[in-house]
Structures are given as C-alpha cells and as structure tokens.
Amino acid sequence: MTTPARLLPLFTRSHEGGRSSMTCQYRCGDACDQPVPNTSDNEYFGDLVAAGVSRRAALRAGGAGAALVGLTAWSMPSAAAAPSAAPSAAGAASAKGSALGFTGIAPTPATVDAVKVPEGFDWAPIISWGDPLFAGTPAFDFDNQTPAAQREQAGYNCDYTQFMQGGAGNNGAHKGLLAFNNEYTNDELMFRGAPSAAQLTDEQLEIIQAAHGITITEVSRRNANSPWRWVQGGKRNRRIHTDTPFAVDGPAAGSVHLRTSDDPRGERILGTLNNCAGGETPWGTYLSGEENFNQYFNATGAPDADGKLKRYGITSGGRGWERIQDRFSVVAEPNEVNRFGWIVEVDPQDPTSTPVKHTALGRFKHEGATTTLTADGRVAAYMGDDERFDYIYKFLSKDTYREGDKKHNMRLLSEGDLYVAKLAGDGAADGEYDGTGQWLPLIVDGVSHVPGMSVEEVLIWTRLAADKVGPTKMDRPEDVQPNPVNGRIYAAMTNNTARTPGQIDEANPRAANKHGHVTEFTEDGGDHGALTFTWKIVLVAGNPSDPETYFNGYDKSEVSPISCPDNVAFDAKGNLWISTDGMPGTLNYCDALYVMPLEGADKGKLQQFLSVPVGAETCGPTIINENSVIVAVQHPGEVSGATPENVISQFPYRGDGQPRPSVIHAYRRHGK
Ligand code: FEO
Ligand code: CA
Ligand code: CA
C-alpha cells in the first residue's frame, strides 16, 4: 500500500519514559509522574553478595566499580573494537546481504506520517479501529459512533496479536483467525472537540468502554502473495469488552476480597481492562495481561491504611468511568479493583466460550504471559510486571499437558506454584553483565511461602507478597518470552529513568536508564521447571555511538539505533524480534520493529525491519515467516496537542482523515 510521507510539526512534551505526554495520560495514568510504587527495601547492589561475590571483590574487579557503577564504558573486547564515530542511520541502512532476507531500513524521523518497510516488502491494514465484525454491524463512522456499534466493531489501540492459520475446521491456506488486545483509548482523538475526562458525555464514556478489551476476527487473503484482511461476519468473530462476563478460577476465586454487590460470590467479573501483551498457549488459547488497570478506578476518599491501593498506583483515577458505573469508585465498591490485574485466557476458536481470569498467576500490572512446557510436561508461564522497580515472575502448573485434550489443558493455569526472580551479578571481571539467579517461592504446593500472608492474599496482592521475599527490582520488565528454538527466555526491560546511581546493579546497570535493555535467561539444565538460572544482558539499547550500548558483541558500526524495547517475538530460526515504545522521546525516531540474530556470524547484528507513523507505538509482533509479519500500530497520531480538528496522522490512510489504530500486515511482494 502506498502511504503519504508527510512531515508534520511535533509539539510534544516528552515524558521521562520517552513517550508523549498524551500516551502517559491515557495508557498508564501518568505513571512516570507518580511516585514509584515499590518502596520496599529490597537491595540493589546486595545481589552481588548473594551470588558469592563479595562487594569488595566486585569493586576491585571493576576498578572501584567503574564497570558496574555508572557504566561509563563497556569493557568487552568486541565493544572496544567498535569505532567511536556515530554509526548513523545510513550505516544501518547500508547493511547488505542480510541473512535475514531483507536489508534493514534507516530509522525514520519522529515526525513522519508513514509506515516504512524494507525494499521488496509492502504493507496493508488487516483491520482498523471501528471496522464492523458482524453481518449487521454499522460501518465505521467517525462522527456518529454509538456504544452499540462499538461493541460490534474492532476495538481501539491494538496491542498483542495472535494469528492462527486455517479456517474453522483448520482447513484453508487462505483463511485464518486474528485475535488482538485493545489496550486503551485516546479519548481526545476519538471525539470532536477533544473533550477532557470531565467533559465526556455518558454516551462517549460507554463508547470508550466498548472500545477496550479484545477483538477476534476471521481473516482471509486472495492468494499466498496477497495481504490478510478481516472478514466481516466470520463465524468466530467476537468482541470482548468491559461488560463481557469472565469466570474466575484458581485459589482466589470466591475470595471475600473479590466479592461485590453485583457478584456476592466473587466468581464472575464483567470485563477486562488495559490488555497489553499476551501469549499463545501450547493448546491454542489466547492469554492476555491486564496491565494499567489502576487508572480506571477513582480511589479518592478510600481508606488505604495498609498501602495496598498505593502499591498498585490506585489513586484518583482520571478517566471518569465512575460517573457511569459505581464499580469504578473504590469508595462505592471497594473490592471491584481487586478483580482486575489478572491474566485472562480466551478460547479464540469458540466465540460462545466464557473467558477466564486465572488467579493462580497472581495480580499485578501484567504485561502478558507466555507459556512453554517443562521437561516433565508441566506448563511454565513467564510474566513481567511493567512498572519501574517491579519484578519478573514464573508460574509452574501442578498438572501436566496432554496433547490434544484442550478441556484438560484449559485447567492447567488454574493450579500451580508461583515464583518471583532474584538475579545475582557475578561481577565485572568477565566484562559481561551476567550472573545467576533463583526463582523465589511465593506459593508452592498450595502453601504460601510469604510470612503473614495467606494463599489468596499472595495472589490478590502479589506485589506486596513479592516485596517480602527479596526479588530483584527491574527496569520495567515487559515481555518475558521463551525462544522456541534455543529454549532461553528473553525479557525486555523498557526503561527506568528513576533509577539512581546508588540503585544500579549488574542486572539493571544503568542509572537514569532511558533506553532500556534485553536480558537472556537460561534455566538450569535447559528445563523450564528449574528453580535456578543464569542470565546475561544481550542488548543495552541506545544510539550505537553511545559507549554505554551493547549489541551482543556485534560491531556497533553495523547496527541500528534502538530504544525502549517492549515486546519480543521469535521467527522460526529463533532470531529475536523487538518492538519499541518510546523512540520519539529518546532518539527522535519513530517507533519500530527490529530483528537481532542470537547465533552465528550475525549474532547481535540488530537491523530495523519497519517503522510506524508519527505518534504510534509498535506492538504485538507476530512473525509468520520470512515473507510475512503482523504488527499492531497503536496510538497513531498520539502527539500532545493533536485533536480530530488538528490531525497529526491519518494512518492507515483509508480516506477518513483521522488516525485509526490498526493491525497491519507487512508482506514480501511476489517475486521479490
Ligand atoms: Fe502496555 Fe507494558 O506496555
Ligand atoms: Ca559479569
Ligand atoms: Ca507493551
């Protein structure tokens, strides 16, 4: 698809985290402007001691700690060989003969309203906000949206995508199913006059609620060389939104802390909120993480003597939802807020199925959950809590996977053990940010390992439980995902500008970390059921000319700039794909999708595959094969000052003159 390449003025104020202030307000409730919720006294530097490396030895090895404290120079031989000249965008673009089957593109200036893909590729929207899902659903009409129409149309701000090839009977090379999250809304871009939360009408608030959740749609293509497109009226099409009933399962189901006036038994919850990343289970279901749910609840006047609301950032809300539904007022309905912040599981093949909130996986700001099997056939789920100074978790199912038994397998996330990660550095002498680690138990065999907290308390207030056992405070851990080829786990630490020099450790080695890093975990014995692991940072993001950056040892004159890694994905060869959230604010480039080989001669050679338009974030990459990549283009045109009357992006350029978040397909042109 041809896209207009227009240059538009930016008048954005960048927040510390790299996003525009509009992103911060609507998606995470200005999290960066709020106090860090984790005020526990878990140590930072102390983890070196836990690894058996004395603090003094570490300091000696690093020359008074220079390599560990301050990260002024990367001491690896490969980095020493890197030229000091800035490896420019042109340098990245000129990388030829990539083993990846494409030539990396240059970074795109942050003001460009276009999707950029490599030579030989094209792109097209698969589905956009407002596209009708059912036979009688009204077509998208920007000026005449209604709650009823929006409940049957694709939701807003697409995030995690899951693509499953095949028709309803798993037949048809040109049929498929696409499920994706609708994380949040840009209220100011959805309605003329850019109303503030206080100005939104009740009907507008209902439209906003209906635009949250999950969209599932059948897709088709004309032939193997054409792009996928949504199918209106597909048999498996479904919208899940804030009024869709969810079952609750696991040890906290029915807890007194989950009971409300609408649900006195605490086992049926309406809706899912702020669905960010996710993962496909081995049995083909869809997992989705409820992330910044706090912003929808107004806790003004609510007592919080034990700090539970504060630890989850639940303050004065700001979205105005309590005006139309009491349950979003913490004073009116104190337990409703406990019913969000879970991992949810949906069977995308059955539009009549009841989605489930799995309490066994704990409650925090779930980025997502990704699953794999242990050596003895249990399910391991890896999860990040996307907050500055929060933690990485692992769940191990009690029961084992049974091939072909979906009913059984859909119970696997209902019961099991929950752990949180503690990382120990091994010191600077080896020139690597690496070390060992352990999964600290929170719940094992149905028993709480957290002093003073019951099993259901550990699951409902997992952050407070984890604080008590001493895990490592990470730099906003987002996607945590097993690589199906090499069996290792890759975790994106997006950034953390609040980390002070006194708070750095080998696993989070940069103070004021605005560019983020990616860490590789290897479970001991290669078994996802192991309770100990080794780890190594494989990417320290930023402009490659910055001496603090590291690209797994690759020559930095040959790699692309990157910042704020957020989602990770893998192709069939096990190459690591990384999408970003925040490049406009940190490097003045559009957010993008990258690929970095993890093995062989090109190990560490980070190349840019595509970039998304001005104001947008690259989300939820699905790498179908070397010719076919799906990404969610979230919040296009989300720039401070943008309104429907002052449009900054017209992505996906379908003629309606407004930005519409869309899932897009980048595909290789036939014969290229
Ligand atoms: Fe929704 Fe953690 O990004
Ligand atoms: Ca080391
Ligand atoms: Ca994300």
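Residue positions are given per chain, counting from 1 as you read along its sequence in written order. Think of it this way: whatever chain is written first is A, whatever ligand is written first is 1, and the rest follow in order. With pLDDT at 70 or above as the cut-off, local features in this predicted model cover only qualifying residues; side-chain atom pairs require 80 or more to be listed or tallied, and sums for whole chains, interfaces and linings still use all residues. Side-chain metrics rest on all non-hydrogen atoms present in the structure, leaving aside hydrogens and water.

K.L.:
Is there a simple way to think about the coordination of the calcium ion (ligand 3) in this case?
P.N.:
For a metal bound by four donors in tetrahedral geometry, the ideal donor-metal-donor angle is 109.5 degrees, whereas six donors in octahedral geometry ideally sit at 90 or 180 degrees. Bound to the calcium ion (ligand 3) on the protein side are Cys 276 (SG), Glu 367 (OE), Glu 478 (OE), Asp 566 (OD) and Asp 566 (OD), at distances that span 2.5 to 3.1 Å. One way to put it: the 6 donor atoms around the calcium ion (ligand 3) meet at angles of 46 to 155°, and that makes the site irregular. Look at where the donors of the calcium ion (ligand 3) fall in the sequence and you get C-x90-E-x110-E-x87-D. Taken as a pair, Cys 276 in strand β11 (residues 275-280) and Asp 566 in strand β28 (residues 565-570) lie far apart in primary sequence, 290 residues in all. The exposure classification of Cys 276 matches that of Asp 566, with both residues buried. Coordination here is defined by N, O and S atoms within 2.8 Å of the metal (3.2 Å for Na, K and Ca), and since water is not considered, a site can look incomplete. Under the classification used here, a metal with four donors is tetrahedral if each angle lies between 85 and 135 degrees, square planar if opposite donors are over 155 degrees apart and the others between 65 and 115, a six-donor metal meeting that same test is octahedral, and anything else is irregular. Strands are runs of DSSP state E lasting at least two residues, helices are runs of H or I lasting at least four, and both sets are numbered from the N terminus onward. Under the scheme applied here, a residue whose accessible area is under 20% of the maximum for its type counts as buried, over 50% as exposed, and between as partly exposed, the area being computed with a 1.4 Å probe on protein chains only.

K.L.:
Would you mind going over the side chain of Asn 182 with me for this structure?
P.N.:
Looking at the element boundaries, Asn 182 is found in strand β5 (residues 175-182). By relative accessible area, Asn 182 is classed as buried at 0%. N or O atoms within 3.5 Å of each other form a polar contact, as long as, within protein, one can give a hydrogen and the other can take it, and as long as residues adjacent in sequence are counted only when both atoms are side-chain atoms. There is a polar contact of 3.3 Å between the side chain of Asn 182 and the backbone oxygen of Gly 155. Looking at Asn 182, its side chain comes within polar contact range of the main-chain oxygen of Tyr 156, at 2.9 Å. Contacts between residues were defined by any pair of non-hydrogen atoms, one from each residue, lying within 4.5 Å. With near-sequence residues (within four places) excluded, Asn 182 lies in contact with Gly 155, Tyr 156, Asn 157, Cys 158, Ala 211, His 212, Gly 213, Ile 214, Thr 215, Arg 239 and Asn 275.

K.L.:
What's the story with the confidence of the model for the chain in this structure? I'm lost.
P.N.:
Atom-level detail of predicted coordinates should not be read off regions where pLDDT is low. Scored from 0 to 100, pLDDT reflects the predictor's confidence in each residue. Looking at the chain, the pLDDT average stands at 89 and 87% of residues meet or exceed 70. Every residue in residues 1-14 is under pLDDT 50, and counting partners more than four places away or in other chains gives 47 contacts. Taken as a whole, residues 45-98 scores under 50 in pLDDT and shows 90 contacts with residues more than four places along the chain or in a different chain.

K.L.:
When you look at the sheet that holds β11 in this model, what are you seeing that I'm missing?
P.N.:
Backbone-to-backbone hydrogen bonds pair the strands of a sheet. The strands run either parallel or antiparallel. Here 6 strands make up an open sheet; going across it, the order is β10-β9-β14-β13-β12-β11 and the pairing mixed. Two strands lie at the open edges of the sheet, namely β10 (268-270) and β11, each paired on one side alone. Neighbour-to-neighbour, the strand axes of this sheet turn through a mean angle of 35°, independent of strand direction. Bridge analysis of strand β9 (residues 245-249) against strand β14 (residues 356-358) gives 3 bridges, and the strand direction is parallel. Following DSSP output, two strands are said to pair if at least two bridges run between them. Convention adopted: a line fitted to C-alpha atoms gives each axis, helices being fitted over their contacting stretch, and angles between N-to-C directions are expressed from 0 to 180 degrees.

K.L.:
Looking at this model, I keep getting lost on the sheet that holds strand β33 (residues 628-634). Mind explaining?
P.N.:
An order of β3-β34-β33-β32 is seen for the 4 strands of this open sheet, with the pairing classed as antiparallel. Two strands bound the open sheet, and with one partner strand each, they are β3 (121-128) and β32 (617-625). For this sheet the average axis-to-axis angle between neighbouring strands, irrespective of direction, equals 25°. Strand direction decides the pairing type here: β33 and strand β34 (residues 662-668), joined by 6 bridges, are antiparallel. The residue bridging Val 633 from the neighbouring strand is Ser 662, located in β34.

K.L.:
Would you mind showing me how to read the nonpolar core here?
P.N.:
Only buried residues count toward a nonpolar core. Its members are Ala, Val, Leu, Ile, Met, Phe, Trp, Tyr and Cys residues joined through side-chain atoms within 4.5 Å. Judged by nonpolar contacts, the single largest core of 68 residues is most densely connected at Phe 297, Ile 314 and Met 383. When contributions to this core are tallied by element, the ones reaching two or more residues are α7 (187-190), α8 (202-210), β16 (378-384), β18 (392-400), β19 (416-425), β20 (434-444), α11 (455-460) and α12 (462-467). No other element matches the 4 residues that α11 contributes to this core. If we skip the residues at most four places from it in the chain, Phe 297 touches Leu 273, Ile 314, Thr 315, Ser 316, Gly 317, Arg 327, Phe 328, Val 330, Glu 336, Val 337 and Phe 340.

K.L.:
Help me out: how do you make sense of the pairing of strand β30 (residues 592-596) in this one?
P.N.:
Look at any regular strand and the pattern is simple: side chains alternate between the two faces of the sheet. Within β30, 5 of the 5 residues are buried, which leaves it mostly tucked inside the rest of the structure. Residues Ala 592, Tyr 594 and Met 596 line one face of β30 and the alternating positions Leu 593 and Val 595 line the opposite face, and both faces are buried. In the sheet, strand β29 (residues 576-580) pairs with β30 via 4 bridges, with the strands oriented antiparallel. Within β30, the position partnered with Leu 576 by the bridge is Met 596. Bridge count between β30 and strand β31 (residues 607-611): 4 bridges; the pairing is antiparallel. Paired with Tyr 594 across the bridge in β31 is Gln 608.

K.L.:
What exactly am I supposed to notice about the pattern of salt bridges here?
P.N.:
Any two side chains of opposite charge can pair if their charged atoms end up close together. Basic side-chain nitrogens of Lys or Arg form a salt bridge, by our definition, when they fall within 4 Å of a carboxyl oxygen of Asp or Glu. Per the stated rule, a full pass over the model turns up 34 salt bridges. In this structure, Asp 187 and Arg 319 form a salt bridge, with 3.2 Å as the shortest nitrogen-oxygen distance. Residue Asp 187 is located in helix α7, and its partner Arg 319 is located in the loop between α9 (308-311) and β13 (343-346); the two are separated by 132 residues in the primary sequence. We note that Asp 187, like Arg 319, is buried. Of the charged contacts, one joins Asp 306 and Lys 308 as a salt bridge, the two residues approaching to 3.1 Å between their closest N and O atoms.

K.L.:
What exactly am I supposed to notice about the packing of aromatic side chains here?
P.N.:
The way to describe two aromatic rings as a pair is by their centre distance and the angle between their planes. Working definition: rings of Phe, Tyr and Trp (its six-membered ring) pair if their centres are within 6.5 Å, and the pair is stacked with planes under 30 degrees apart, edge-to-face with planes over 60 apart, and tilted otherwise. Under the criterion given, the structure shown has 24 aromatic pairs. An angle of 85° between the planes, with centres 5.1 Å apart, marks the rings of Phe 121 and Phe 609 as edge-to-face. Taken together, the residues Phe 121 in strand β3 and Phe 609 in strand β31 connect sequence positions 488 residues apart. A centroid spacing of 6.1 Å and a plane angle of 55° characterise the contact between Tyr 382 and Trp 439, whose relative ring orientation is tilted. Pair noted here: Tyr 382 is in strand β16 and Trp 439 is in strand β20, with a separation of 57 residues, a long-range link. Among the aromatic side chains, those forming a connected cluster through ring pairs are Tyr 296, Phe 297, Trp 321, Phe 328 and Phe 340. Charges are assigned to positions over rings by a cutoff of 6 Å between ring centre and Lys NZ or Arg CZ, combined with an angular limit of 35 degrees from the ring normal. Over the ring of Phe 389 we find Lys 473, and its NZ or CZ is 6.0 Å from the ring centre.

K.L.:
Where do I start with the environment of Ile 664 in this structure?
P.N.:
Here Ile 664 lies in strand β34. Once the C-alpha coordinates of Ile 664 and Arg 229 are considered, the two residues, 435 residues apart in sequence, prove to be 9.0 Å apart. Excluding residues that lie within four positions of it along the chain, Ile 664 makes contacts with Val 115, Trp 123, Ala 124, Pro 125, Ile 126, Val 629, Ile 630, Val 631, Val 633 and Phe 651.

K.L.:
Is there a simple way to explain the side chain of His 212 in this structure?
P.N.:
Inspection of the secondary structure assignment puts His 212 in the loop between α8 and β6 (213-220). His 212 sits in the buried class, given a relative accessible area of 0%. At 2.8 Å, the side chain of His 212 forms a polar contact with the backbone oxygen of Ile 208.

K.L.:
Please clarify how unusual backbone geometry should be interpreted in this entry.
P.N.:
Excluding glycine, most residues fall at negative phi; most peptide bonds, likewise, are trans. Following Phe 651, the chain continues to Pro 652 via a peptide bond in cis, the omega torsion being 5°. Counting through the fold element by element, Pro 652 comes out in the loop between β33 and β34. Even without being a glycine, Arg 476 presents a positive backbone phi close to 55°. Its location among the elements puts Arg 476 in the loop between β22 (474-475) and β23 (477-482). Assessed through its relative accessible area of 7%, Arg 476 is described here as buried. Of note in this structure, His 635 is not a glycine but carries a positive phi near 40°.

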